[in-house]
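Below are the chains, spelled out letter by letter.
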Amino acid sequence: MSRLTNLRAAIVTASGATVPAPRSARHRAGSYDSYGATARRAQARTARHSPPPGSEKDRTSGGAHRAPSTMPVETWVRAAKNRPQVLLGTLVAAGLLLTAVPTIPQEDGGTTSVMTAAAEAVGVIEKTERKKPAPDREPAVIAGAPAATRTAEPEPSTPPATPAVKPTEDAPPQIVVPAGDGPFNSLRTTGSRVVMLSFDDGPDPVQTPKILALLDKYQVKAVFCLVGTQARRHPDLVRQIAEGGHVLCNHTWSHDLKIGGKRTNQIKADLDRTNAAIRAAVPGVEIPYFRAPGGNFTDRLVKTAYVDGMTSLYWEVDPRDWEHPEGETSEQHVKRIIEQVRKETRPGAIVLSHDFNQPDTTAAYEQLLPWLVENFEVGVPGAETPEPAPSSSAPEPAPSVTPSGAPSAAPSDAAAA
């Protein structure tokens, strides 16, 4: 308390006011009337600097409802306001009071800092700008406000159920593909004793018509795996293949060797686009097979094709007719194709060949087709095939699979299709 008294004396000295003598505790605790004489003397000294009566609102509140210890401070600050030369001393003293008396009690029960009182005295801010204390009640909850801003205790509730795992674009379709004997349940064999010929990458405007003529000569039906861009360029050849009773196969839009690693929706878009190009030439035609370029099947690829009604077709015999080693002549190439097919073909085999830009393949089948028809049942399981010519070396016919890959009458030793 002695520190407060000394600080007040410093303010009064700076402002020219008279410092009342220290009083007993009961006087300091008395009402504002105890300080009436001192206040009147201070007002008399500053009268000539005071504004005319009624020019501004008197900020001094009297009566026993105000704490007596704060009244002289406001009086002295008011005197300092009317003397600009005293302003500096007032602010310095206020800063000292901020350390000794950080806040001043107010008649409404609140408090204000000494610096705020000084600012009010010199007219920088109004009393109404003081930040009023928050009411002693629970704040109202604003509709839509974040839960973190609400003070009410949340009602207990059961934890939310764990959401089901949402399938991603990379996940393969959740279906079961019938077991096959090729990669990822594709078909390596026909599941019967029927040997099936397949020609890839066409249609080719030069070689495809020649292959079709050979097949028609020996009454053999084959599978043509068409590339979408080629089908779009040559719709007349697509119609010619279908009209010859041959079976169509989707071989992707642009012979994409990496399609198996793409997302499910990307695979489906490619296969749909290819099928659309084929059906633009032959509306409503069935496309029961799909073959991955290079045989690069994946589980996702096989399942996506199966969802679209296509069984994935691999092969057992690959004469690599597409390969042309350096220094190999055309005659040597034809001979190699013939020898490889004769060596590896057995009942139920699927033979891979190419009708796109492979004239040596066409020349090889001029010799292969008579031998194949003589030694095997050649055709497409489930498709209409003529009765084979009687031959002592011809194998006995056996139940076969349909073009969609489903067995029509699976033998006991046949692989599941």
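So, here's what we can say about the structure. (Residues numbered from 1 in each chain as written. Predicted model: local features only at pLDDT ≥ 70, side-chain atom pairs only at ≥ 80, totals over all residues. Heavy atoms only, no water.)

## A few points about the overall build of the protein
Regarding its fold elements, the protein presents 13 helices and nine strands. Counting all 417 residues of the protein, 40% fall into the buried class. The contacts in the protein between residues at least 6 apart in sequence include a share of 68% that link residues at least 24 apart. (Helix = DSSP H or I, 4+ residues; strand = E, 2+ residues; numbered from the N terminus. Buried < 20%, exposed > 50% of the residue type's maximum accessible area, 1.4 Å probe, protein only. Contact = heavy atoms within 4.5 Å.)

## Section: the pattern of salt bridges
For the structure shown, the criterion picks out eight salt bridges. In this structure, the salt-bridge partner of Lys268 is Asp272, at a minimum N-O distance of 3.3 Å. Here Lys268 pairs with Asp272, and both are found in helix 10 (residues 264–281), just four residues apart, close to one helical turn. Note that Lys268 and Asp308 form a salt bridge whose closest N and O atoms lie 3.0 Å from each other. Here Lys268, found in helix 10, pairs with Asp308, found in the loop between helix 11 (299–307) and strand 7 (311–312); they are 40 residues apart in sequence, far enough to count as distant. A relative accessible area of 35% means that Lys268 is categorised as partly exposed. Using a relative accessible area of 25% as the deciding quantity, one classes Asp308 as partly exposed. Each of Lys268, Asp272 and Asp308 takes part in a single network of salt bridges with overlapping partners. (Salt bridge = Lys/Arg side-chain N within 4 Å of Asp/Glu carboxyl O.)

## Quick notes on the environment of Glu366
Within the fold, Glu366 resides in helix 13 (residues 359–375). Put simply, Glu366 and Ile211 are 155 residues apart on the chain and 9.0 Å apart in space, counted from C-alpha to C-alpha. When near neighbours in sequence (up to four residues on either side) are disregarded, Glu366 contacts Leu214 and Tyr218.

## Section: the nonpolar core
Judged by nonpolar contacts, the single largest core of 61 residues is most densely connected at Leu197, Leu215, Val223, Phe224, Tyr365 and Leu372. By residue number, the principal contributor to this core is helix 13, which donates six residues. Among residues more than four places away in sequence, those in contact with Val223 are Met196, Leu197, Ser198, Phe199, Val247, Cys249, Tyr289, Leu313 and Val380. (Core = buried A, V, L, I, M, F, W, Y, C linked by side-chain atoms within 4.5 Å.)

## Some words on the environment of Thr264
Secondary-structure assignment places Thr264 in helix 10. For Thr264, a relative accessible area of 15% translates into the label buried. When the C-alpha positions of Thr264 and Leu301 are compared, they lie 7.6 Å apart, and in sequence the two are 37 residues distant.

## A look at helix 9 (residues 235–243)
What helix 9 keeps buried is the set Leu237, Val238 and Ile241. Down the axis of helix 9, the buried set is contained in an arc of 105°. They therefore lie on one face. (Arc of directions from axis to C-beta.)

## Re the packing of aromatic side chains
Using the criterion set out here, one finds six aromatic pairs in the structure. The interplanar angle of 65° and the centroid separation of 5.6 Å between the aromatic rings of Trp371 and Phe376 together place this pair among those described as edge-to-face. Each member of the pair, Trp371 together with Phe376, is buried. (Phe/Tyr/Trp six-rings, centres within 6.5 Å; stacked < 30°, edge-to-face > 60°.)

## Thoughts on unusual backbone geometry
Cis rather than trans, the peptide bond between Gly202 and Pro203 has omega equal to 5°. In this structure, Pro203 sits in the loop between strand 3 (194–202) and helix 7 (207–217). Residues other than glycine seldom take positive phi values, yet Phe184 does so here, at roughly 55°. Mapped onto the secondary structure, Phe184 falls in the loop between helix 6 (114–121) and strand 3. A positive phi angle is found at His255, which is not glycine, with a value near 55°. Of note, His255 is situated in the loop between strand 5 (247–250) and helix 10.

## Things to note about the environment of Lys258
With respect to the helices, strands and loops of the structure, Lys258 is situated in the loop between strand 5 and helix 10. Looking at Lys258, the relative accessible area reads 68%, which means it is exposed. Through-space distance from the C-alpha of Lys258 to that of Phe297 is 9.3 Å; in sequence the pair is 39 residues apart.

## Things to note about the pairing of strand 3
Across the nine residues of strand 3, nine count as buried, placing the element largely inside the fold. Summarising the sheet, strand 3 and strand 9 (residues 377–378) pair through two bridges and their orientation is parallel. If you follow Val194 over to strand 9, its bridge partner there is Glu377. Sheet topology note: the strand 3/strand 8 (residues 350–354) ladder contains five bridges and is parallel. Across the sheet, residue Leu197 finds its bridge partner in strand 8, namely Val351. Here strand 3 pairs with strand 4 (residues 223–226) via four bridges, running parallel. Among the inter-strand pairings, Asp200 is bridged to a residue of strand 4, identified as Cys225. Each parallel crossover has a hand, and the one from strand 3 via helix 7 to strand 4 is right-handed. (Pairing = 2+ DSSP bridges. Right-handed = clockwise from strand over helix to strand, strands pointing away.)

## Looking at the packing of helix 7 against helix 13
Packed helices, taken two at a time, are described by their axes: the angle between them and the distance between them. It is the contact of helix 7 with helix 13, at a shortest axis distance of 10 Å, that shows an interaxial angle of 5°. As summarised for this structure, helix 7 and helix 13 are arranged roughly parallel, according to the angle between their axes. For the pair helix 7 and helix 13, the contacting residues are Gln207, Lys210, Ile211, Leu214 and Leu215 in the first and Pro359, Thr362, Tyr365, Glu366 and Leu369 in the second. When its residues are assigned to classes, the contact of helix 7 with helix 13 shows six nonpolar, two polar and two charged. (Axes fitted to C-alpha atoms, helices over the stretch in contact; angles between N-to-C directions. Parallel < 35°, antiparallel > 145°, perpendicular 65-115°, else oblique. Nonpolar A, V, L, I, M, F, W, Y, C, P; charged D, E, K, R; others polar.)

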